[in-house]
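Tertiary structure, described
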Amino acid sequence: MTKHITLLLTLFWSLYLFSQTPERKVTIGTNYTIKSTILNQDREIQVYLPDSYTTSKEAYPVLYILDGQWFFTNGVAIQKSLRTPGAIPEMIVVGIKNENPLRRTLFNRERQKFTSFLKNEVIKFIDDKFRTTNERVIYGWEAAAYYISKLILEENDLFKGAIITDGGYASEKLVENFKSDSDVYLYMANSKRDIYYIESTEEFNKILKKHNPKNLLWKYELFNDEVHETMPHLAMYKGIMYYYHNYDSLVFESIDAYEKAGGIPYLKSYFKERAKRFGGDGKIDNSTKNALIWLAWKRDNFKYFSFFMEEFKDVLETNRYKSAYWQNRLGQFYLKYKDYKNASKYFERGIKDYPNSQFDEVMKEGLQEAKGKL
């Protein structure tokens, strides 16, 4: 009887504690109201600040999302899911709400007025209130895509990059007249299933191909499994990754891919160009060095393994390799290919620096075998 009472009291107490757990709302940003004198109305914008914003003094690039009422959360999700700053840097995300039918008017007949609002009220508000860089990327779907197509050609100093999907078009005259002293990125996406707007996107692509404007770096991709309503989310992700295509470290799926890319000269040019855009010393980073060493090891390519181990020997002195696990791994691979000198070096280091590890016995056996072959 006492056991039953104790059990009931325990269950009751657990349920009581659970019921007392305070509820907390999940928030991803803050709404602000801008009293627009240009549009003569109050306009709402949504702002997401990166996780590190409150603890750092850094300035951040900004992603501006037209039709924030639909796509703001997607921009925030991309920031979170890519574990920034890794594949892309942390960004401030700004969603600009534009409800129908007003959005079509502002993106079309009154687009100059909307540009003035965007430039002189929204961007000014963000730059004044938050720590921002001059690196801005703008995203738009459907009607907003047509608006951005013209904006990026006319106001090339306002945004460094643009992402448009399910629409977009600019005249030959606008494309021909485009001038910029620095690179401007344009990413376009659509689907053949988007029967409403595919023709204009295809025509815009032809005009860009024909004139290929200097310093306009553009890419057009089709995702024919998608439809008009599903394209925008994929396009935003792909567009951001295109804009930041040389932000992350390099990873190759095969040694053949590494060779086709251009080998070491390609790596050096990649990191030199990356440093121009995003800062840094312009040298091949440790993550890329590690990835190439592991690629050769995983693909069982001893020729390139030996080459990378010598070419990137500095990375072998970093903390990542300071373990019995790695000394054994490297020693065993050298032993497999009968490089007994290097096998002995790594086994000896592993035994000396990490005594009594779980790999101690196997390293001693490997060292004995290697020494016997020298």
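These numbers come from a predicted model, not from an experiment.

A few words on the overall build of the chain. Looking only at helices and strands, the chain has 15 helices and eight strands in total. In terms of overall dimensions, the chain is more spread out than a globule: its C-alpha atoms have a radius of gyration of 28 Å, far above the 21 Å expected for 374 residues. With the C-alpha coordinates aligned to their principal axes, the bounding extent of the chain is approximately 85 × 80 × 45 Å. The long-range share in the chain, meaning contacts at least 24 apart out of those at least 6 apart in sequence, stands at 69%.

Looking now at the packing of helix 11 (residues 286-298) against helix 13 (residues 324-336). In contact at an axis separation of 11 Å, helix 11 and helix 13 are set at 50° when each is read in the N-to-C sense. Between helix 11 and helix 13, the crossing angle belongs to the class labelled oblique. For the element pair helix 11 and helix 13, the recorded crossing hand is left-handed. Between helix 11 and helix 13, the residues in contact are Trp-294, Ala-296 and Trp-297 and Tyr-325, Trp-326, Arg-329 and Phe-333, respectively. Of the residues assigned to the contact of helix 11 with helix 13, the class counts are six nonpolar, no polar and one charged.

It is worth spelling out the nonpolar core at this point. Of all hydrophobic cores here, the largest spans 48 residues; its most connected members are Tyr-64, Val-94 and Ile-96. Among the elements that make up this core, the one with the highest residue count is helix 5 (residues 143-154) (eight residues). Judged by nonpolar contacts, the second largest core, of 39 residues, contains Phe-312, Phe-333, Met-363 and Ala-370.

For the rest of this paragraph, the subject is the packing of aromatic side chains. On inspection of all chains with the given rule, the structure shows 45 aromatic pairs. Aromatic pair Tyr-32 and Phe-130: ring centres 6.1 Å apart, planes at 75°, arrangement edge-to-face. Here the residue Tyr-32 occupies a position in strand 1 (residues 30-36), and Phe-130 occupies one in the loop between helix 4 (111-129) and strand 5 (132-141), the gap between them amounting to 98 residues. Residue Phe-130 is classed as buried on the basis of its relative accessible area, which comes to 9%. Seen from their ring centres, Tyr-270 and Phe-271 are 5.0 Å apart, and the 75° between their planes marks the pair as edge-to-face. Lying across the ring of Tyr-53, Arg-131 places its NZ or CZ 4.0 Å from the centre. Its end group placed over the ring of Tyr-243, Arg-277 keeps NZ or CZ at 4.7 Å from the ring centre.

You will see that Asp-166, though not glycine, has its phi angle at about 55°, which is positive. Relative to the helices and strands, Asp-166 is located in the loop between strand 6 (161-165) and helix 6 (172-176). What makes Asp-166 buried here is its relative accessible area of 0%. Even without a glycine there, the phi angle at Asn-212 is positive, about 40°.

Once that is clear, we can look at helix 10 (residues 263-278). Between its first and last C-alpha atoms helix 10 spans 22 Å; for 16 residues at 1.5 Å apiece the expected length is 22 Å, and the two agree. By the burial criterion, the buried members of helix 10 are Gly-263, Ile-264, Leu-267, Tyr-270, Phe-271, Arg-274 and Ala-275. Angular distribution of buried residues about the axis of helix 10 spans 135°; they occupy a single face of the element. In helix 10, those exposed residues whose orientation departs by more than 90 degrees from the buried face are Pro-265, Lys-268, Lys-272 and Lys-276. Positive phi appears at Gly-279, one or two residues downstream of helix 10, with a value of about 90°.

Moving on, we get to the pairing of strand 1. With seven bridges joining them, strand 1 and strand 2 (residues 41-48) adopt antiparallel strand pairing. Within strand 2, the position partnered with Asn-31 by the bridge is Gln-46. Counted between consecutive antiparallel strands, the loop separating strand 1 from strand 2 contains four residues, among which Asn-40 sits at a positive phi close to 60°.

Inspection of the secondary structure assignment puts Asp-339 in the loop between helix 13 and helix 14 (340-353). For Asp-339 and Phe-302, which are 37 residues apart along the polypeptide, the C-alpha to C-alpha distance reads 10.0 Å. Beyond its immediate sequence surroundings of up to four residues, Asp-339 is in contact with Phe-302 and Tyr-334. Within the structure, Asp-339 has its side chain in polar contact with the side chain of Asn-342 (distance 3.0 Å).

Mapped onto the elements of the fold, Gln-327 is located in helix 13. The class for Gln-327 is buried, based on a relative accessible area of 2%. A distance of 2.8 Å separates a polar side-chain atom of Gln-327 from the backbone oxygen of Tyr-321. Not counting residues within four places of it along the chain, the set of residues in contact with Gln-327 comprises Tyr-321, Tyr-346, Arg-349, Gly-350, Tyr-354 and Met-363.

What follows is about the environment of Ile-96. Relative to the assigned elements, Ile-96 resides in strand 4 (residues 92-96). Distance in space between the C-alpha atoms of Ile-96 and Leu-49 is 15 Å, their sequence separation being 47 residues. Ile-96 has contacts with Glu-44, Ile-45, Tyr-64, Ile-65, Leu-66, Asp-67, Gly-68, Gln-69, Phe-114, Phe-117, Leu-118 and Val-122, leaving out every residue within four places of it along the chain.

Rules used throughout
- Residues numbered from 1 in each chain as written.
- Predicted model: local features only at pLDDT ≥ 70, side-chain atom pairs only at ≥ 80, totals over all residues.
- Heavy atoms only, no water.
- Helix = DSSP H or I, 4+ residues; strand = E, 2+ residues; numbered from the N terminus.
- Rg over C-alpha atoms; globule rule 2.2 N^0.38 Å.
- Contact = heavy atoms within 4.5 Å.
- Axes fitted to C-alpha atoms, helices over the stretch in contact; angles between N-to-C directions.
- Parallel < 35°, antiparallel > 145°, perpendicular 65-115°, else oblique.
- Left-handed = near helix turned anticlockwise from the far one by under 90°.
- Nonpolar A, V, L, I, M, F, W, Y, C, P; charged D, E, K, R; others polar.
- Core = buried A, V, L, I, M, F, W, Y, C linked by side-chain atoms within 4.5 Å.
- Buried < 20%, exposed > 50% of the residue type's maximum accessible area, 1.4 Å probe, protein only.
- Phe/Tyr/Trp six-rings, centres within 6.5 Å; stacked < 30°, edge-to-face > 60°.
- Lys NZ or Arg CZ within 6 Å of the ring centre and 35° of its normal.
- Expected span 1.5 Å × (residues − 1).
- Arc of directions from axis to C-beta.
- Pairing = 2+ DSSP bridges.
- Polar contact = N/O pair within 3.5 Å; in protein donor to acceptor, adjacent residues only side chain to side chain.

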